[in-house]
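# Results of the structural survey
Residue strings, one per chain:
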Amino acid sequence: MDDYLLIRKAGRRRLSLKIDEEGRAVVVAPLWVPKRTVDEFVASNARFIERRRESEKLVAREAERLGAYTEEDIKRLKKVAREKLSAAVPKFAEALGVKYNRITVRYQKTKWGSCSSAGNLNFNFLLADMPEEVLEAVAAHEVCHLKNMNHGAAFYRDLDKICPWHKSARKWLKEEGSVYHRRYGMYLSGGVRGE
Ligand SMILES: [Zn+2]
């Protein structure tokens, strides 16, 4: 049996599985599920665990090669992100005929951008270190939320119109984004900069 970390939580109704940054399998289980059932669940997901571990390893290796972000990097990225997004957002907002309120940049682990019902747009400043089209696609995505709060057909019609390359940008983020998060994590934990 593969090693895994078991977390039991009241109120959970089913088993869930994820791989953490150290490549360890973490299972969250309801209180009542027997250990044996959890073992079987982990065993039946062995291939998924192996695949996720491999990709975590690649991310870690690439992040180490590029090195942790430094204090100066972060300052520069925040500044550049504000500049680039202050140019991209009005451009897309005008193309779509919508108004926005405020643009802020900060770090978020789970989102590249977000849009509040008050019309405030928030972006992850790590976007400033990515290809221009990726930053623009995230800006366009959030601008579309000013008109459509969900991801329905109308949302994607608007996004296709103002940012025809959004799908390839999304794919890029899915494949490459974790390396940026990892390098920021290394900065937070005081990692040393690579070559
Ligand atoms: Zn969205």
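Since the structure is predicted, the reported quantities are computational estimates derived from the model, not experimental observations.

## Observations regarding the overall build of the protein chain
Within the protein chain, the secondary structure is distributed over six helices and six strands. Moving toward the C terminus, one meets the helices and strands of the protein chain in the order β-β-β-α-α-α-β-β-β-α-α-α. A principal-axis box enclosing the C-alpha atoms of the protein chain has dimensions of 60 × 45 × 30 Å. Every one of the 195 residues in the protein chain was classed for burial, and the buried ones make up 26%. Partitioning the intrachain contacts of the protein chain with sequence separation of at least 6 by distance along the chain shows that 56% fall at a separation of at least 24.

## Some words on the domain arrangement of the protein chain
According to the domain assignment, the protein chain contains domain 1 (4-65) and domain 2 (71-188). Taking only C-alpha atoms, the centre of domain 1 and the centre of domain 2 are 30 Å apart. When the residues that make up the side of domain 1 that touches domain 2 are grouped by side-chain class, the tally is three nonpolar, no polar and one charged.

## Details of the sheet that holds strand β1 (residues 4-9)
By definition, the strands of a sheet pair up through backbone hydrogen bonds, in either a parallel or an antiparallel sense. Read from one edge to the other, the open sheet built from three strands follows the order β1-β3-β2, with strand pairing classed as mixed. Each edge of the sheet is formed by a strand with only one pairing partner; in this case those strands are β1 and β2 (16-19). Within this sheet the neighbouring strands show an average axis-to-axis angle of 20°, counted without direction. Pairing analysis gives six bridges linking β1 to strand β3 (residues 25-30), with the strands arranged parallel. Among the inter-strand pairings, Tyr 4 is bridged to a residue of β3, identified as Ala 25. With respect to the sheet, helix α1 (residues 35-44) is in contact with β1 and β3, its orientation differing from that of β3 by roughly 140°.

## Section: the packing of helix α3 (residues 71-96) against helix α4 (residues 132-145)
Packing of α3 against α4 brings their axes to within 9 Å, and their N-to-C directions diverge by 45°. Here α3 is positioned oblique relative to α4, judged by the angle of their axes. α3 and α4 meet at a crossing whose hand is right-handed. Of the residues in α4, those in contact with Lys 84, Leu 85, Ala 88, Val 89, Phe 92, Ala 93 and Leu 96 of α3 are Leu 135, Glu 136, Ala 139, Ala 140, Val 143 and Cys 144. Split into classes, the residues belonging to the contact of α3 with α4 amount to eleven nonpolar, no polar and two charged.

## Let's talk about the sheet that holds strand β4 (residues 103-106)
With mixed pairing, three strands are arranged side by side in an open sheet as β4-β6-β5. Each of the sheet's edge strands pairs with one partner strand only, and the pair in question is β4 and β5 (113-115). Neighbour-to-neighbour, the strand axes of the sheet open up by a mean angle of 20°, direction not taken into account. Of the strand pairs in this sheet, β4 and strand β6 (residues 121-124) are connected by four bridges, and their pairing is parallel. Residue Ile 103 lies in a different strand from β6, and its bridge partner there is Leu 121. Contacts from α3 reach β4 and β6, with the element oriented near 150° to β4.

Cut-off values and rules
Residues numbered from 1 in each chain as written. Predicted model: local features only at pLDDT ≥ 70, side-chain atom pairs only at ≥ 80, totals over all residues. Helix = DSSP H or I, 4+ residues; strand = E, 2+ residues; numbered from the N terminus. Buried ≥ 20, exposed ≤ 12 C-beta atoms within 10 Å, placed from the backbone. Contact = placed C-beta atoms within 7 Å. Domains from an automatic or database assignment. Nonpolar A, V, L, I, M, F, W, Y, C, P; charged D, E, K, R; others polar. Pairing = 2+ DSSP bridges. Axes fitted to C-alpha atoms, helices over the stretch in contact; angles between N-to-C directions. Parallel < 35°, antiparallel > 145°, perpendicular 65-115°, else oblique. Left-handed = near helix turned anticlockwise from the far one by under 90°.

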